[in-house]
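Descriptive analysis of the structure
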Amino acid sequence: MSDNEILAAEHAPAEPLGDEAEFAALVESFVREQAPRVFALVEEVGERADAEIFAWGLALAEHAEVFGAAGRMRGSFGSAESACEVLGMARELRLVWLPET
């Protein structure tokens, strides 16, 4: 088999996975399984006197992305827990997971 034949075989189109509706359902299921989890890093004010959202985050399979609620901060962390730990060095933060839908 020549190099061109090997390349053609590697890039040959795969057979369709069902009809349009079945494929759409497969794609939707795949996306739901891969969807990030949303969390908030909540800063405690005083001793349980008040709280405000310090940052929002998205936890993906391999890392977490964090966005400051005031729009002045953005960061990548190994996990939501590590984001809370690192950013909580200078303030009292609590990790709050939003319910999965």
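One can find the structure itself at the top, above this paragraph.
Not measured: the values here are computed from a predicted model.

Criteria and cut-off values
Residues numbered from 1 in each chain as written. Predicted model: local features only at pLDDT ≥ 70, side-chain atom pairs only at ≥ 80, totals over all residues. Heavy atoms only, no water. Helix = DSSP H or I, 4+ residues; strand = E, 2+ residues; numbered from the N terminus. Buried < 20%, exposed > 50% of the residue type's maximum accessible area, 1.4 Å probe, protein only. Areas by Shrake-Rupley, 256 points an atom, 1.4 Å probe, with all protein chains shown as cover. Pairing = 2+ DSSP bridges. Axes fitted to C-alpha atoms, helices over the stretch in contact; angles between N-to-C directions. Contact = heavy atoms within 4.5 Å.

1. Concerning the overall build of the protein
Secondary structure assignment for the protein yields 3 helices and 5 strands. In the protein, the order of α-helices and β-strands from amino to carboxyl end is α-α-β-β-β-β-α-β. Looking at the protein as a whole, 20% of its 101 residues are labelled buried. When the accessible surface of the protein is summed, it comes to about 7,800 Å², and 56% of that surface belongs to carbon and sulfur atoms.

2. Side note on the sheet that holds strand E3 (residues 64-68)
A sheet is described by the order of its strands in space; here 5 strands give the open sequence E4-E3-E2-E1-E5, paired in antiparallel fashion. At either end of the open sheet lies a strand with only one pairing partner, and these are strand E4 (74-77) and strand E5 (93-97). Pairs of neighbouring strands in the sheet enclose a mean axial angle of 30°, with direction left out of account. Here E3 pairs with E4 via 4 bridges, running antiparallel. Looking at the pairing, Phe67 lines up with Arg74 of E4. Here helix H3 (residues 80-87) sits on the sheet in contact with strand E1 (37-45), strand E2 (50-59), E3, E4 and E5, set at roughly 160° to E5.

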